[in-house]
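Commentary on secondary and tertiary structure
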Amino acid sequence: MKFQLVLGLTLCFMLMYAAPGFAVEEFRVSKNGKGEQIWFEAEAFDERDSEDIYKLGKGENAVDPADGAYGDIITNTAGAGQKGWILYRFDISRAGGKAGDWRFIGRAINPSNHSDWLWVLGDDGDKIPEDEPAFVRPDHIIFEENIPEWAWMRTGDFGSDGGTVNKLQDGENVMMIWTRQSSLQVQYDVFCWSSDLDYEPTDEDYDKAEEKTLPVHPEGLLTTTWSRLKRR
């Protein structure tokens, strides 16, 4: 019995360290303008429904990141009629932020306005959806903009907010990006949430933001690892 217990624990830890290191475990925080910001790189996602749609540019040989990218990028390799999602968990309390209206901003390249949908837990529903929600333009649309080179996009639908302003909850929040039109032309580099809805980010602001990491909780790591393994 003791041998089985030790073997089981050993296997759990082997699986934990064998799992890919995708998670918003490293992020940055700042206070600019009249509010707080939390920043994380697009490749630091927590979950995705498929390894064949939202992919790492360099890490999974989807596309070479454009010059000036911060590390790797996320792009969409879906063909016609294919859809998928990618999910991020982030804790606004680590930036000193509180519940209320926050703006979603992305450092992106998108030369042909190939937009996506944004879904936020609490604002758009009380349960993480398994099937695609009933998205509505402009309420949920993001990056419906012509972005030929790296830029911090605050708007979601040709200069209008679109789906960029959302009500976040105290503590941990969940956001999901669902395929609308995005393609290999699109590169997502860094995401930012700001409690100052008028704040306009710059590369310098991101460079100066304070680096943070999540505390390590072995129980939580095992739970997260098992969740990732089930989705592979």
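Residues numbered from 1 in each chain as written. Predicted model: local features only at pLDDT ≥ 70, side-chain atom pairs only at ≥ 80, totals over all residues. Heavy atoms only, no water.

What to know about the packing of aromatic side chains
If you walk through the whole model with that rule in mind, you get 18 aromatic pairs. Ring geometry for Tyr 88 against Phe 191: centres 5.5 Å apart, planes inclined by 90°, an arrangement best described as edge-to-face. In this pair, Tyr 88 sits in strand β6 (residues 85-91) while Phe 191 sits in strand β13 (residues 187-194), placing the two residues 103 residues apart along the sequence. Overall, Phe 191 belongs to the buried group, its relative accessible area being 0%. In textbook terms, an aromatic cluster arises when at least three aromatic residues are bridged by ring pairs, as seen for Phe 40, Tyr 88, Phe 90, Phe 104, Phe 143, Tyr 188, Phe 191 and Trp 193. Its end group placed over the ring of Tyr 206, Arg 28 keeps NZ or CZ at 4.2 Å from the ring centre. In this structure, Arg 180 is placed above the aromatic ring of Trp 117, and the distance from its NZ or CZ to the ring centre is 5.1 Å. (Phe/Tyr/Trp six-rings, centres within 6.5 Å; stacked < 30°, edge-to-face > 60°. Helix = DSSP H or I, 4+ residues; strand = E, 2+ residues; numbered from the N terminus. Buried < 20%, exposed > 50% of the residue type's maximum accessible area, 1.4 Å probe, protein only. Lys NZ or Arg CZ within 6 Å of the ring centre and 35° of its normal.)

With respect to the nonpolar core
Ranked by size, the top nonpolar core spans 32 residues in total, and within it Ile 74, Tyr 88, Met 175, Ile 177, Tyr 188, Phe 191 and Trp 193 carry the most contacts. Dropping the residues within four chain positions of it, Tyr 188 is found in contact with Ala 42, Ile 73, Ile 74, Arg 107, Ala 108, Asp 116, Phe 143, Ile 177 and Ser 182. Ranked by size, the runner-up nonpolar core spans ten residues in total, among them Trp 85, Leu 87, Trp 117 and Trp 178. (Core = buried A, V, L, I, M, F, W, Y, C linked by side-chain atoms within 4.5 Å. Contact = heavy atoms within 4.5 Å.)

Considerations on unusual backbone geometry
Following Arg 137, the chain continues to Pro 138 via a peptide bond in cis, the omega torsion being 10°. Its place among the elements puts Pro 138 in the loop between β8 (116-120) and β9 (141-142). Within the chain, Asn 113 stands out as a residue other than glycine whose phi angle is a positive 40°. Note on placement: Asn 113 falls in the loop between β7 (100-110) and β8.

Here we look at the side chain of Glu 41
Turning to its location among the elements, Glu 41 is positioned in strand β2 (residues 35-41). Buried and unpaired, Glu 41 has Arg 28 as its nearest opposite-charge partner, separated by 4.8 Å. A distance of 2.8 Å separates the side chain of Glu 41 from the side chain of Tyr 206, its partner in a polar contact. If we skip the residues at most four places from it in the chain, Glu 41 touches Tyr 70, Gly 71, Tyr 88, Asp 189, Val 190 and Tyr 206. (Lys, Arg positive; Asp, Glu negative; His and termini not counted. Salt bridge = Lys/Arg side-chain N within 4 Å of Asp/Glu carboxyl O. Polar contact = N/O pair within 3.5 Å; in protein donor to acceptor, adjacent residues only side chain to side chain.)

So, the confidence of the model for the protein
Of the residues in the protein, 82% have a pLDDT of 70 or more, and the chain-wide mean is 87. Below a pLDDT of 50 lies the segment residues 217-232, which in the model reaches 20 contacts outside its immediate sequence neighbourhood of four places, other chains included. (pLDDT = per-residue confidence, 0-100.)

Section: the pairing of β6
Within β6, five of the seven residues are buried, which leaves the element mostly enclosed by the surrounding structure. In this sheet, β6 lies alongside strand β3 (residues 47-48) in antiparallel orientation, the contact comprising two bridges. Bridge pairing in β6 places Arg 48 opposite Ile 86. (Pairing = 2+ DSSP bridges.)

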